[in-house]
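# Coordinate analysis (summary)
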Amino acid sequence: MSADIEKEMWTSKLRKGWQKNLPIEKLLPDTQPAYVASWIYLFGVATLAALGVIVASGLVLSFEGASWYHYSSVGHFVNSMHFWSVQFFFIFMVVHLWGKFWMAAWRGRRLLTWITGALAFVGSIATAFTGYLIQTNFDSQWISYEAKDGFNSVGIGSRFNVTNFGQMILLHVAFLPVIIGVITLIHVLLVRAKGVVPPIDAFNNELGERK
Amino acid sequence: MGIFHHFMNLKAVYIHWGWFQISITNLLVILFMLVLFGLALVLPFPGNKKGKDQK
Amino acid sequence: MSDRRTELESAPWSGRVRRYDLIKEGVAAVVIVAIVVAALSTLFGSPDDKQVTFKQWAVAAPADFYATAVQELAGTSGTAGYGAPYNHASDGVNLGPLYLAKWLGVTHPVDTVNDFVITPLTTVANAAPVADALKQWQGSDAKTQSTWATNYDTALTKANQDASKVSAGNYGPVPALAGGLLTMAQAGSLDGALLSQGNYFQSDNTKQTLFLGDGSYFNDQSTASNLQGSTWGMMNETGRYPGQAWLWLYSFWYQIPPFNNGDNHPFGANADAWIMLIMGALSIGLICMPLIPGVRSLPYKIKIHRLIWKNYYQEENL
């Protein structure tokens, strides 16, 4: 195929862009810059790990149904795994967010990495919220009763009805996890493509600035 | 059902400061986050000997 | 930031590197998190306060249930006067001139008279007085129905929800209908009837939840569990479990003036909408934080990064 034709193809454009920006060596490197040496760097991967436990326990729950955990002790344990992994997911994500803020990790054309991370945070709150609505217990009754006013007040309730169990369970297990999954994937690929942000003072000498 | 299931389902204890109130458990969660963050900043990271670094 | 600095910070790192096994790190993280989560699950389990049923409500607080049923017939309950998306009874909450809920329309129509009382009553075999009352109700025009229900609702409120102390009046079949619904609820057949509304498949609990919330019983249960929104309930969980601590900021606005005062106009009375707006704006702020002057400079001024990269700065004499 001549180079001209290849140039116009979407497929070859995608392949070349991918190879240029995210070659396998960048996706799965075996070294990191020397400054990647702090416990704070573990909170991103810890958040992903918690998400993994959430998805795994959630899958088991989805096979057994929303009421399973009320009467089965195994079900209660799996539900507890889901519950505590969500707590840790948010704990790790918040610490990760604090860490990245104080690193000003959006420097060096990493704005989109920050944006996808923040979107993942906001989206996770929505996903967790729908989870609380489908516990099929007193808590979910009350949360749906209270939360309806918030969503109704700005018209969201006309399409997103928190008291509709069927809608909430479908969104919680289908739409929202897919959204979170895609945002997380983009976030992680961006981190790999752009590399870990260098220290704020890393280039001061090079730029001839006095400290 | 959880070994401390009974304890966990007792009435929660809340701390009040005027208009502010928070359950002990939520307070612990928030303190835990702050402690994690603090420790992550100050604890030395292992395997950081200069000799292992490569150019 | 200078363009030169951005160039340097975005270029592939050319300085010293260290070995770093991402996959090993990831696997270790999953294993450790899974172990910790399994340990906490074994120790503490998870919250699961039993759902409130109409049977439970009607048995534990029959007078409250009875009065609520009358309010549903008279159109004085919270749901009956809610407005969109359930009915056209009021304009609902507004953001100044923006009546978003009203504009988006009644997408989940709820007719408290029929959906909450009459239709459920028709799904069971009723005792003679109730069956007669149903016949009388269904054979009357809307104006008469409304007069009966309003009369009885007013009289019952005056009698402090004590049906035995209501003085005689023109109430039509309303007392019998409310009594029939109470009997039905106490027998445990209202829960299913409210959900199914005469159908087979049903997965929308809107009608049950709205009816449940119109009474005091459900609200009292929530107060007892510290779940009321006016007292940070949004963050809380039943029992001693951690709640949605990440909702602290959302919950915060409900605690402060003017939002904590429902009588305050325009903000307190429309707190739900204003707080939704504030949180929407703050969420956009978080997402776009690197673009906000001042906030984005904080990491340069408060040098927490000197701690994060202390080893590197030492090694490089920075």
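Just so we're clear, the structure is a prediction, and the values are computed from it rather than from any experiment.

## Details of the pattern of salt bridges
Residue and element names in this part refer to chain C. All chains considered together, the criterion is met by ten salt bridges over all chains. Between lysine 207 and aspartate 115 there is a salt bridge; the shortest N-O distance is 3.5 Å. Note that lysine 207 is positioned in helix α11 (residues 206–214) and aspartate 115 in helix α6 (residues 112–122), a separation of 92 residues in sequence. Judged by its relative accessible area of 21%, lysine 207 is partly exposed. Residue aspartate 115 is classed as buried on the basis of its relative accessible area of 12%.

## Topic: the packing of aromatic side chains
Under the defined criterion, the tally for this structure stands at 47 aromatic pairs over all chains. Put simply, the rings of Trp17, Trp19 and Phe20 of chain B together with Trp232, Phe252 and Trp253 of chain C pair up and form one aromatic cluster. Above the plane of the ring of tyrosine 145 of chain A lies lysine 148 of chain A, whose end atom (NZ or CZ) is 3.9 Å from the centre.

## Side note on the interface of chain B and chain C
The interface is formed by 34 residues belonging to chain B together with 34 residues belonging to chain C. Between chain B and chain C, a total of about 3,100 Å² is buried, with carbon and sulfur atoms accounting for 53% of that surface. When residues of chain B are sorted by the area they lose upon contact with chain C, Met8, Trp19 and Leu41 of chain B head the list and together hold 20% of the total. Where chain B meets chain C, there are zero salt bridges. In this structure, the connection of chain B to chain C is made through twelve residue pairs in polar contact (both at pLDDT 80 or more). Elements with a contribution of two residues or more to the side of chain B that touches chain C: α1 (5–8), β2 (20–23) and α2 (24–42) of chain B.

## Section: the confidence of the model for chain B
All names here are of chain B. With 85% of its residues at a pLDDT of 70 or more, chain B has an overall mean of 86. For chain B, the element scoring lowest by mean pLDDT is strand β1 (residues 14–17), at 92; α2 scores highest, at 96. Below a pLDDT of 50 lies the segment residues 51–55, which in the model reaches ten contacts outside its immediate sequence neighbourhood of four places, other chains included.

## Structural notes on the environment of serine 72 of chain A
Residues and elements named next belong to chain A. Tracing the sequence through the fold places serine 72 in the loop between α5 (68–71) and α6 (73–102). Here serine 72 falls in the buried class, since its relative accessible area comes to 16%. Measuring from C-alpha to C-alpha, the distance between serine 72 and threonine 31 comes to 47 Å, with 41 residues separating the pair along the chain. Only 3.2 Å separates the side chain of serine 72 from the backbone nitrogen of valine 74, close enough to count as a polar contact. At 2.9 Å, the side chain of serine 72 and the backbone nitrogen of glycine 75 are in polar contact.

## A look at the interface of chain A and chain C
The interface of chain A with chain C comprises 98 residues on the first partner and 95 residues on the second. Where chain A abuts chain C, roughly 8,700 Å² becomes buried across the two surfaces, and 67% of that area is made up of carbon and sulfur atoms. A salt bridge links arginine 306 of chain C to aspartate 201 of chain A; its shortest N-O distance comes to 2.5 Å. Linking chain A to chain C there are 42 residue pairs in polar contact (both at pLDDT 80 or more). Secondary structure elements with two or more residues in the side of chain A that touches chain C: β1 (31–33), α4 (42–64), α5, α6, α7 (111–133), α8 (138–153) and α9 (165–194) of chain A. Looking at the side of chain A that touches chain C residue by residue, the classes come out as 56 nonpolar, 28 polar and 14 charged.

Calculation notes
- Residues numbered from 1 in each chain as written.
- Chains lettered and ligands numbered in written order.
- Predicted model: local features only at pLDDT ≥ 70, side-chain atom pairs only at ≥ 80, totals over all residues.
- Heavy atoms only, no water.
- Salt bridge = Lys/Arg side-chain N within 4 Å of Asp/Glu carboxyl O.
- Helix = DSSP H or I, 4+ residues; strand = E, 2+ residues; numbered from the N terminus.
- Buried < 20%, exposed > 50% of the residue type's maximum accessible area, 1.4 Å probe, protein only.
- Phe/Tyr/Trp six-rings, centres within 6.5 Å; stacked < 30°, edge-to-face > 60°.
- Lys NZ or Arg CZ within 6 Å of the ring centre and 35° of its normal.
- Contact = heavy atoms within 4.5 Å.
- Buried area = accessible area lost by both parts, 1.4 Å probe.
- Polar contact = N/O pair within 3.5 Å; in protein donor to acceptor, adjacent residues only side chain to side chain.
- pLDDT = per-residue confidence, 0-100.
- Nonpolar A, V, L, I, M, F, W, Y, C, P; charged D, E, K, R; others polar.

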